[in-house]
Amino acid sequence: MFNTKTAVIGVGSMGRHHARVLNEISDLVAVIDLDKKQGMEIAKNLGVPWFSNFSEVRENIEAISIAVPTSFHLGVFQLVSPHVRSVLIEKPLSSSISDSKKIIDISKKNSNKLMIGQIERFNPVIQFAKEKLSSGTWGKIKNISARRFSNFPTRITDVGVILDLSIHDIDLINYLSGEKCLNVYTAGSKSNDTGKEEDVKILMNYSNGITALCETSWLSNQRIREIVILTDKLFVKLDLLNLKIFTSNDADELSADNKEIQIEYLEPLKSELNNFLLYSNNEIANPVKGTEGLSSVCIVENALNSLEEKIKIDINLI
């Protein structure tokens, strides 16, 4: 339990869970939402006050979670940045490279501790895989492919499938590989109703020769969240939903060398917000920094441009 005074701006489908967890692990002093009915409902359930405006409560907040729609991230961050020590922005950092850079510049000016809410990094399967890759136990990555499928989410109105879902796997590939993406090529289709992309394949090449593929779709009647990693030692499959890891160094599927590992469940959001509060209080933490969020947004923006222009695009940001 942290004594840090916290708040959440935007308590919709994701923000309400931020509020729930922060109420458990910190001193949650406010939920802030323009929607009075929605805000008061969450506030009442948690036993904390609701405010429609950040200015009404800003002097009492040390750390804040921003979970408003992506298009409002920059504007809300500009509002809160001068008044709080630490800010977590729910992924993505913003909807564009230019807005992401502005957020980072403002955070530096105001000496904020800025963290991006890339929740999948805190999936216990990913944490296990990162340790094995970092230690060299699994060998060196040669290829990564990710699949993330679901049906269309009615809660999403301002972005397509790339900013909503693909960005999770783009961030995870950046995180697991520890390398820089050099170029990107996207193929896919758009919704006739929304005009936004709904089914895509994103091919990326990384600085050390790793190739990566993200397949993301809102057209599936099944939820799939999996990553396959080929290394110079192993075939590895990560099942992010069922918390299972399969490893094999033998072509025979029945070989005794093949292993299936069941990972113990730990709530990723609680791990993420705990990490955020450790970071806020200058304790040992592993936050997703603003520059990492910018890197993912850069790949996403270029992936969207590639889809429009039907060409491979080189990435020259950092």
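Source: prediction; values computed, not measured. (Residues numbered from 1 in each chain as written. Predicted model: local features only at pLDDT ≥ 70, side-chain atom pairs only at ≥ 80, totals over all residues. Heavy atoms only, no water.)

(A) Representation of the nonpolar core. Core analysis: the biggest nonpolar cluster contains 98 residues, and Ile 32, Ile 64, Met 204 and Leu 238 have the highest contact counts within it. The greatest single-element share of this core, amounting to 10 residues, is contributed by helix α6 (residues 161–177). Contacts of Met 204, omitting those with residues within four sequence positions, involve Ile 170, Ile 173, Cys 181, Asn 183, Val 184, Ile 210, Thr 211, Ala 212, Cys 214 and Ile 299. (Core = buried A, V, L, I, M, F, W, Y, C linked by side-chain atoms within 4.5 Å. Buried < 20%, exposed > 50% of the residue type's maximum accessible area, 1.4 Å probe, protein only. Helix = DSSP H or I, 4+ residues; strand = E, 2+ residues; numbered from the N terminus. Contact = heavy atoms within 4.5 Å.)

(B) Spatial organisation of helix α5 (residues 124–135). Its 12 residues give α5 an end-to-end C-alpha distance of 17 Å, which sits within 8% of 16 Å, the value for a rise of 1.5 Å per residue. Of the residues making up α5, those classed as buried are Pro 124, Val 125, Ile 126, Ala 129 and Leu 133. The inward-facing, buried residues of α5 abut β7 (141–151), α6, β11 (219–231), β12 (235–239), β13 (244–248) and α7 (268–280). The N-cap residue of α5 is Asn 123: its side-chain oxygen and the backbone nitrogen of Val 125 are 2.9 Å apart. (Expected span 1.5 Å × (residues − 1). Polar contact = N/O pair within 3.5 Å; in protein donor to acceptor, adjacent residues only side chain to side chain.)

(C) Seen up close, the pairing of β13. The sheet contact formed by β12 and β13 spans 5 bridges and is antiparallel. Within β13, the residue paired with Leu 238 across the bridge is Ile 245. Where β12 folds back on β13, the antiparallel hairpin that results is connected by 4 residues, among which Leu 243 adopts a positive phi of roughly 55 degrees. As paired elements, β13 and strand β14 (residues 259–262) share 4 bridges and run antiparallel to each other. Bridging across to β14, Ile 245 finds its partner in Ile 261. (Pairing = 2+ DSSP bridges.)

(D) Geometry of the packing of helix α4 (residues 97–109) against helix α8 (residues 290–309). Relative to each other, α4 and α8 sit at 170 degrees, their axes nearing to 9 Å. The angle between α4 and α8 places the two elements in the roughly antiparallel class. Taking contact as the criterion, the partners of Ile 97, Ser 100, Lys 101 and Ile 104 in α4 are, on α8, Gly 290, Thr 291, Leu 294, Val 297, Cys 298, Glu 301 and Asn 302. Taken together, the residues of the contact of α4 with α8 break down into 5 nonpolar, 4 polar and 2 charged. (Axes fitted to C-alpha atoms, helices over the stretch in contact; angles between N-to-C directions. Parallel < 35°, antiparallel > 145°, perpendicular 65-115°, else oblique. Nonpolar A, V, L, I, M, F, W, Y, C, P; charged D, E, K, R; others polar.)

(E) Expanded view of the pattern of salt bridges. Scanning all chains against the criterion turns up 14 salt bridges. Ionic pairing is found between Glu 267 and Arg 20, a salt bridge with its closest N-O pair at 2.7 Å. Of the two residues, Glu 267 is situated in the loop between β14 and α7 and Arg 20 in helix α1 (residues 15–25); the sequence distance between them amounts to 247 residues. The salt bridge involving Arg 147 is made with Glu 226; its shortest N-O contact spans 2.9 Å. Note that Arg 147 is positioned in strand β7 and Glu 226 in strand β11, a separation of 79 residues in sequence. When its relative accessible area of 28% is taken as the criterion, Arg 147 is described as partly exposed. (Salt bridge = Lys/Arg side-chain N within 4 Å of Asp/Glu carboxyl O.)

(F) Examining the sheet that holds strand β6 (residues 113–117) more closely. Reading across from one edge, β3-β2-β1-β4-β5-β6 is the order of the 6 strands in this open sheet, with parallel pairing throughout. Each of the sheet's edge strands pairs with one partner strand only, and the pair in question is β3 (50–51) and β6. When strand β4 (residues 63–66) meets strand β5 (residues 86–90), the two strands line up parallel, connected through 4 bridges. Residue pairing for β5: Ile 64 is matched across the bridge by Val 87. The sheet strands contacting α7 are β1 (5–9), β4, β5 and β6, and the helix crosses β6 at an angle near 170 degrees.

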